[in-house]
Amino acid sequence: MQPFAPAPALTRMPQSPAPSLESQDAQLLQRIAQQDKRALEALYSAYHRRLSRFLLRLAPRHDFAEEVINDTFWVVWCKAADFRGASRVSTWILGIAYRHALHALRQERRVGAPAVAEQEDAAGIAEPEDDGDTQDWIAHGLSLLPDEQRLTLELAYFLGYSCEEIATITECPVGTVKARMFHAREKLRLTLPSLGGNSSVIRS
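If you're wondering where the values come from, they're calculated on a predicted model, not measured in any experiment.

S.K.: Is there a simple way to think about helix 8 (residues 163-170) in this case?
M.R.: The periodicity of an α-helix, 3.6 residues per turn, causes residues three or four positions apart to be oriented the same way. Considered for burial, the residues of helix 8 that qualify are Cys163, Ile166, Ala167, Ile169 and Thr170. Along the long axis of helix 8, the arc covered by the buried residues comes to 165 degrees, so they all point the same way. At its buried positions, helix 8 is contacted by helix 4 (89-110), helix 7 (147-158) and helix 9 (174-191). Among the residues trailing helix 8, Glu171 stands out with phi positive, at a value near 55 degrees.

Put into structure tokens, the structure is as follows:
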């Protein structure tokens, strides 16, 4: 009678790592380049909320945000095959949205549409008492900046992009991005106290 032999230890098969969000986006973009409408819908769903939050900070109107988002994804649909991976997919999409938002803001000014700051009730701007008031107060101060400076601060402070990524999004040198941030902070430092608050909220 042969001695009892223990069963061989079970070894866990190595699992391939889950694809990153960036690789998922890249795969969707490849499918969009092949005219896959479901891939476009998936990418639209993945980015709609992020783009909407960014655009609503620029102009608090849903019609403005939706128009820019639709224009952005029309470009994505038409130009997906041109994406070469020189940047992240998210950076590429934000760049398209940035350019369309900037164009839309300038177009509104040319036709005489009221600026965002003029649409707000100036009498309602008071010294902030809580976080919500502070955010409204900062948003009002940002609305008074030139478009390029305001968009640069939005990308840096509220979306967390680096100067290098913002340079890619805005298609300008890194030095220009840094200059816009410097001048924007200086203007806010001088402007925010007159609106009833503390300019130290915007830090360099």
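On we go from here.
S.K.: Got a minute to help me understand the pattern of salt bridges in this structure?
M.R.: Note on pairing: side chains with opposite charge can pair once their charged atoms come close. Scanning the model with the defined rule gives 7 salt bridges in all. A salt bridge links Asp36 to Arg31; the nearest nitrogen and oxygen atoms lie 3.1 Å apart. Assessed through its relative accessible area of 23%, Asp36 is described here as partly exposed. Using a relative accessible area of 36% as the deciding quantity, one classes Arg31 as partly exposed. The partner of Asp63 in a salt bridge is Arg61, and the shortest N-O contact between them spans 3.3 Å.

S.K.: Just to check I follow, could you spell out the environment of Gly95 for this structure?
M.R.: Mapped onto the elements, Gly95 comes out in helix 4. Accessibility expressed as a relative area gives 2% for Gly95, which makes it buried. Residues Gly95 and Glu171 lie 76 residues apart in sequence; the distance between their C-alpha atoms is 7.9 Å.

S.K.: Would you mind going over the nonpolar core with me for this structure?
M.R.: Considering soluble globular proteins, one finds that nonpolar side chains tend to be buried as a cluster. Leu29, Ile32, Leu43, Leu55 and Val76 are the most contacted members of the largest nonpolar core, which has 48 residues in total. Those elements that provide at least two residues to this core are helix 1 (21-33), helix 2 (37-58), helix 3 (62-79), helix 4, helix 7, helix 8 and helix 9. No other element matches helix 4, which puts 11 residues into this core.

S.K.: Any chance you could explain the packing of helix 1 against helix 4 here in plain terms?
M.R.: The relative placement of two packed helices is expressed as an angle between their axes plus a distance between the axes. Two elements in contact, helix 1 and helix 4, have axes whose closest approach is 9 Å; the angle formed by their N-to-C orientations is 60 degrees. When the axes of helix 1 and helix 4 are compared, the pair comes out oblique. Contacts from Glu22, Asp25, Ala26 and Leu29 in helix 1 reach Val89, Ser90 and Trp92 in helix 4. The residue inventory of the contact of helix 1 with helix 4, partitioned by class, reads 4 nonpolar, 1 polar and 2 charged.

Thresholds applied
Residues numbered from 1 in each chain as written. Predicted model: local features only at pLDDT ≥ 70, side-chain atom pairs only at ≥ 80, totals over all residues. Heavy atoms only, no water. Buried < 20%, exposed > 50% of the residue type's maximum accessible area, 1.4 Å probe, protein only. Helix = DSSP H or I, 4+ residues; strand = E, 2+ residues; numbered from the N terminus. Arc of directions from axis to C-beta. Contact = heavy atoms within 4.5 Å. Salt bridge = Lys/Arg side-chain N within 4 Å of Asp/Glu carboxyl O. Core = buried A, V, L, I, M, F, W, Y, C linked by side-chain atoms within 4.5 Å. Axes fitted to C-alpha atoms, helices over the stretch in contact; angles between N-to-C directions. Parallel < 35°, antiparallel > 145°, perpendicular 65-115°, else oblique. Nonpolar A, V, L, I, M, F, W, Y, C, P; charged D, E, K, R; others polar.

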